[in-house]
Amino acid sequence: MILPNIETFIGCESSFEEASIVLYGAPFDSTTSFRPGARFGPSAMRHESFGLETYSPYQDKDLMDISVFDSGDLELCFGSSEMALSDIEKRAEEILGAGKFPLLLGGEHLVTLAAVRAVAAKYPDLHIIHFDAHADLRDDYLGAKLSHACVLRRCHEIVGDGHIHQFCIRSGEREEFQFASRHTDFHPFTFEGLEETIRELKEKQVPVYFTIDLDCLDPSVFPGTGTPEAGGVSFLELLKAIRTVSQANVVGADVNELAPMLDASGVSTATACKVLRELLLAIAK
Ligand SMILES: [Mn+2]
């Protein structure tokens, strides 16, 4: 039988019906404040994923043993953030409505807001685990409320005080750090405190949304991103942290801010693929 050329992330070839996890790509970077290119992230990850093994020796698990459906990339309006967010939210709602786990591939970090809107509507008392170099807590960026620099501030308006847990943050305005000290559970520079946070969230049995801005990684291992910040974590530290978070009741997730063309070596894309493989294997029940 000759099959059509449909490129999925490696090992993610289940049908929608049988899948427990659904990938959906949001190739959007219209509000990127520095170097654009994250719109090419999801397609680059699918393509380069074929350089990966489906088997993870870290977790002794294989993508071939779990059921993931890759729904491809949404066709999004680049001129209107609100229209793009609305389309992403609808896709997330559809996946959640079918009782499946939505895993969003960005795109810039603003796309997280759409997923959080959908996930919070289904799961009240939602908590957010946020890995990032940047606080993303600005109230506006040059007057725009919808910007990747404001995404966690917009999420705070949905989930409220004490429900956002931020790790690895090493960049932002003074006002963002002051806002964080009053309104979020804030862990600068590293993953220190993560295990304790996850233990508490597990005890409370609350639902958790998990957003990974890949620029939490050090630019020496992940230069292919719009706003690189020196002083980041290593791949192995991120992998350990992902496995820790997966012990909580994670009900949705995203991986964002890969801008593949900003790293001609391709290493950033390969790293992003490996992060996604490990995340999939960690959250698959
Ligand atoms: Mn960031």
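Just above sits the structure.
A.B. asks: Before we move on, can you summarise the coordination of the manganese ion with the specific residues and values?
C.D. replies: Around the manganese ion, the protein supplies D132 (OD), H134 (ND1), D213 (OD), D215 (OD) and D215 (OD) as donor atoms, at distances of 2.2 to 2.7 Å. Along the chain, the residues donating to the manganese ion fall in the pattern D-x1-H-x78-D-x1-D. Remark: D213 occurs in strand β9 (residues 207-213) and H134 occurs in the loop between β6 (127-131) and α4 (151-159); sequence separation between them is 79 residues.

A.B. asks: Break down the pattern of salt bridges for me, with residues and values.
C.D. replies: Taken as a whole and assessed by the stated rule, the structure comprises 13 salt bridges. Here R39 and D29 are joined by a salt bridge, their closest N and O atoms 2.7 Å apart. Of this pair, R39 sits in the loop between β1 (21-26) and α1 (41-48) while D29 sits in the loop between β1 and α1; the two residues are 10 residues apart in sequence, bridging distant segments of the chain. A salt bridge links R138 to E173; the nearest nitrogen and oxygen atoms lie 3.7 Å apart. With R138 in the loop between β6 and α4 and E173 in the loop between β7 (164-169) and α5 (174-183), the pair connects residues that are 35 residues apart, well separated along the chain. Among the residues examined, R138 registers a relative accessible area of 22% and is labelled partly exposed. Residues joined in a network through salt bridges with shared partners are D139, K145, R153, R154 and E157.

A.B. asks: Break down the pairing of β9 for me, with residues and values.
C.D. replies: Successive side chains on a regular strand alternate, one facing one side of the sheet and the next facing the other. By the criterion of burial, β9 is predominantly enclosed, with seven of the seven residues buried. A two-sided burial pattern is seen for β9, the buried positions comprising P207, Y209, T211 and D213 on one face and V208, F210 and I212 on the other. The pairing of β6 with β9 spans five bridges and is parallel. When the sheet's bridge partners are listed, H127 is paired in β9 with V208.

A.B. asks: So what about the packing of aromatic side chains? Which residues, and what values?
C.D. replies: For the structure on display, the rule yields seven aromatic pairs. Centre to centre, the rings of F131 and F210 are 5.0 Å apart; their planes meet at 80 degrees, and the pair counts as edge-to-face. Of this pair, F131 sits in strand β6 while F210 sits in strand β9, placing them 79 residues apart in sequence. Between F177 and F186 the ring centres are 5.4 Å apart and the planes differ by 80 degrees, which places this aromatic pair in the edge-to-face class.

A.B. asks: Give me the pairing of β1: which residues, what numbers.
C.D. replies: Most of β1 is tucked away: six of the six residues are buried. Residues I21, L23 and G25 point to one face of β1 and V22, Y24 and A26 to the other, with burial holding for every one of them. Bridge count between β1 and strand β4 (residues 68-73): four bridges; the pairing is parallel. If you follow I21 over to β4, its bridge partner there is V68. Two elements, β1 and strand β5 (residues 101-106), share six bridges in a ladder whose sense is parallel. Note that in β5 the partner of A26 across the bridge is G106.

What counts as what
- Residues numbered from 1 in each chain as written.
- Predicted model: local features only at pLDDT ≥ 70, side-chain atom pairs only at ≥ 80, totals over all residues.
- Heavy atoms only, no water.
- Donors = N, O, S within 2.8 Å, 3.2 Å for Na, K, Ca; no water.
- Helix = DSSP H or I, 4+ residues; strand = E, 2+ residues; numbered from the N terminus.
- Salt bridge = Lys/Arg side-chain N within 4 Å of Asp/Glu carboxyl O.
- Buried < 20%, exposed > 50% of the residue type's maximum accessible area, 1.4 Å probe, protein only.
- Pairing = 2+ DSSP bridges.
- Phe/Tyr/Trp six-rings, centres within 6.5 Å; stacked < 30°, edge-to-face > 60°.

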